[in-house]
Structures are given as C-alpha cells and as structure tokens.
Amino acid sequence: MLNIVLFGPPGAGKGTQSAKLIEKYNLTHISTGDLFRKHLGEGTELGKKAQTFMDQGRLVPDSLVIDMVRDKIKGDGQVNGIIFDGFPRTVAQAEALDQLMSELETDINGMVALEVPEDELRNRIMERGKTSGRTDDQDSEKVTTRIQVYEKETLPVAEFYKKQDKFFSINGVGSIEEIFNNICGVIDQVK
Ligand SMILES: Nc1ncnc2c1ncn2[C@@H]1O[C@H](COP(=O)(O)OP(=O)(O)OP(=O)(O)O)[C@@H](O)[C@H]1O
Ligand SMILES: Nc1ncnc2c1ncn2[C@@H]1O[C@H](COP(=O)(O)O)[C@@H](O)[C@H]1O
C-alpha cells in the first residue's frame, strides 16, 4: 500500500491536489472535513456532534475523528493506498493513525506539507467561500480561528513525522500543475 498524509493549513490546496493524486496513483481519498460535511448533510448523530466545533472553526474531539476514520478504512476493504487529507490534525490522531496502519500491516510512507503564506490562504478561502457553501469559509474571524488552531494544535504533527524521517515540504504557491509535479516527485521517492 502507498499511504500519504497531505498536510497544510486551511486553504493550502490539499483537496485540489488529492483529487489529482488519487487518479494518478489509484488511491482512496480520506478527507475528514469532507466526511464530517457528509454526516452534517445527512443529519447523523456524528454530524450533529461535529457541527458546533466546525461552525466555530475548532477541532472536533479526537475520539470522534479517530472512530470515523477507523470505520471508513475498515469499511472500504482492500485498497491500493490512501491519501489522508486534513487528518491527522493532532499528535493523538497521528499516534492513532500509526496504530491503525499497523493493525492493517501497513505504514505511512510520508507526509507532504504544502507551505502557503497566510495572506494567500485567506484570499483563497474567502474566494472559495463565494461558491463552496461552507459557512466556515465566509467569515474572516472563523478563518482566523482555523489558522490559529492549525498553528497551535496541528503544526506539532509535522514534528511527529520529522522524527520518523517522513516529512517533505513543498511550496504550495504556484500553478496547480507545478505543485502536483513536485508532490509526485516526493511520492515517487517514498513509494
Ligand atoms: N495552487 C493554487 N493556486 C491558487 N489557488 C489554488 C491553488 N490550489 C488550490 N487553490 C484554490 O484554493 C482554494 C483552497 O483549495 P483546497 O480546497 O484544495 O484547500 P484545502 O487545503 O483542501 O482547504 P481546507 O483544508 O480548508 O479544506 C480552492 O478554491 C482552490 O481552488
Ligand atoms: N482531523 C480532524 N480533527 C478535528 N477536526 C477536524 C478534522 N478534520 C476536519 N475537522 C473539522 O472539520 C472542519 C473542516 O475541515 P477541512 O479539513 O478544512 O475541510 C475543521 O475546521 C474541523 O472543525
């Protein structure tokens, strides 16, 4: 299996690049944000529990996220590999993912981090908010909270993968194609 964590702040381009990567490498896409939005749309209990946190731009509690990812992976059955997008977002989630990978007798090949300056992130998110229907995209204060939460709670996850020699940084500014080619360069190295 080829398992990649696509990492970066809100608006860095993880979803955009994931769509291209799953096609090229025949992988499964697990975006915890997309999964929560699906639960929200279907009005499930999990969706209701996640909504308050998502509306405020805060992280959904680890136990809910980890159980959802475990169910998704086990439910998907045999796959070629997985692109994780927006997960893990805390060190506890990263530890749980390692545990999950070992249960499946596989491992994370690498983390690819998209680096994008804050001004550019804000522009991208506010632009996306015009059409995404995401309430957390349309309010500048919520965007600020999401970026602060990323810096405080999520950036330490990069250290977790650096310690395992699995961290690769990519410039996330430029054309989508150019960034894609650079990510593929890393994946071809770790696969
Ligand atoms: N290289 C790029 N240059 C300019 N805009 C981009 C680039 N890549 C993606 N975008 C745009 O920026 C916005 C955010 O991209 P995307 O949704 O892929 O980010 P994300 O990291 O998945 O965000 P989030 O974590 O908030 O869901 C989208 O509107 C997308 O079209
Ligand atoms: N891995 C996650 N941990 C906690 N909370 C999460 C996680 N993934 C998504 N969320 C919640 O959903 C929104 C939107 O996520 P995007 O990745 O930006 O689509 C996020 O702000 C959290 O509230």
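Residues numbered from 1 in each chain as written. Chains lettered and ligands numbered in written order. Predicted model: local features only at pLDDT ≥ 70, side-chain atom pairs only at ≥ 80, totals over all residues. Heavy atoms only, no water.

It is worth spelling out the UniProt feature "binding site: ATP" (unreviewed entry) in the protein at this point. Look at the UniProt record and you will see "binding site: ATP" (unreviewed entry) annotated at Gly-11, Ala-12, Gly-13, Lys-14, Gly-15, Thr-16, Arg-128 and Gly-174. Lining of the largest pocket among the annotated residues: Gly-11, Ala-12, Gly-13, Lys-14, Gly-15, Thr-16, Arg-128 and Gly-174. On the accessibility criterion, Gly-11 (15% relative accessible area) is buried. Setting aside its immediate chain neighbours within four residues, Gly-11 contacts Leu-121, Arg-124 and Ile-125. Checked against the element boundaries, Lys-14 lands in helix H1 (residues 14-25). In this view, Lys-14 contacts Leu-6, Phe-7, Gly-8, Pro-9, Asp-85, Gly-86 and Leu-114; residues no more than four positions away in its chain are not counted. (UniProt positions renumbered as here; feature names shortened; annotations may be inferred. 1 Å grid on protein atoms, 1.4 Å probe; cavity = no way out; pocket = protein on both sides within 12 Å on 5 of 7 lines; lining within 4 Å. Buried < 20%, exposed > 50% of the residue type's maximum accessible area, 1.4 Å probe, protein only. Contact = heavy atoms within 4.5 Å. Helix = DSSP H or I, 4+ residues; strand = E, 2+ residues; numbered from the N terminus.)

Here we come to unusual backbone geometry. With an omega of 0°, the peptide bond running from Phe-87 to Pro-88 counts as cis. Within the fold, Pro-88 resides in the loop between strand S3 (81-85) and helix H5 (91-103). You will see that Asn-26, though not glycine, has its phi angle at about 55°, which is positive. Mapped onto the elements of the fold, Asn-26 is located in the loop between H1 and strand S2 (28-31). Relative accessible area serves as the criterion here: at 52%, Asn-26 is assigned to the exposed category. One non-glycine residue with positive phi stands out, namely Asp-165, at about 60°. For Asp-165, the location among the structural elements is in the loop between helix H8 (156-163) and strand S5 (167-171). Judged by its relative accessible area of 70%, Asp-165 is exposed.

With numbering matched to this structure, UniProt assigns "binding site: AMP" (unreviewed entry) to Thr-32, Arg-37, Arg-58, Leu-59, Val-60, Gly-86, Phe-87, Pro-88, Arg-89, Gln-93, Arg-134 and Arg-146. Taken along the chain, the residues just named run across 115 residues; in space they spread out, the farthest C-alpha pair reaching 24.1 Å. Of the annotated set, the members that line the largest pocket are Thr-32, Arg-37, Arg-58, Leu-59, Val-60, Gly-86, Phe-87, Pro-88, Arg-89, Gln-93, Arg-134 and Arg-146. Mapped onto the elements, Leu-59 comes out in the loop between helix H3 (45-56) and helix H4 (62-76). Apart from residues lying up to four places away in sequence, Leu-59 is in contact with Phe-53, Arg-89, Thr-90, Val-149, Glu-153 and Thr-154. What makes Val-60 buried here is its relative accessible area of 8%. Discounting chain neighbours no more than four positions away, the residues touching Val-60 are Phe-36, Ala-50, Phe-53, Met-54 and Val-65.

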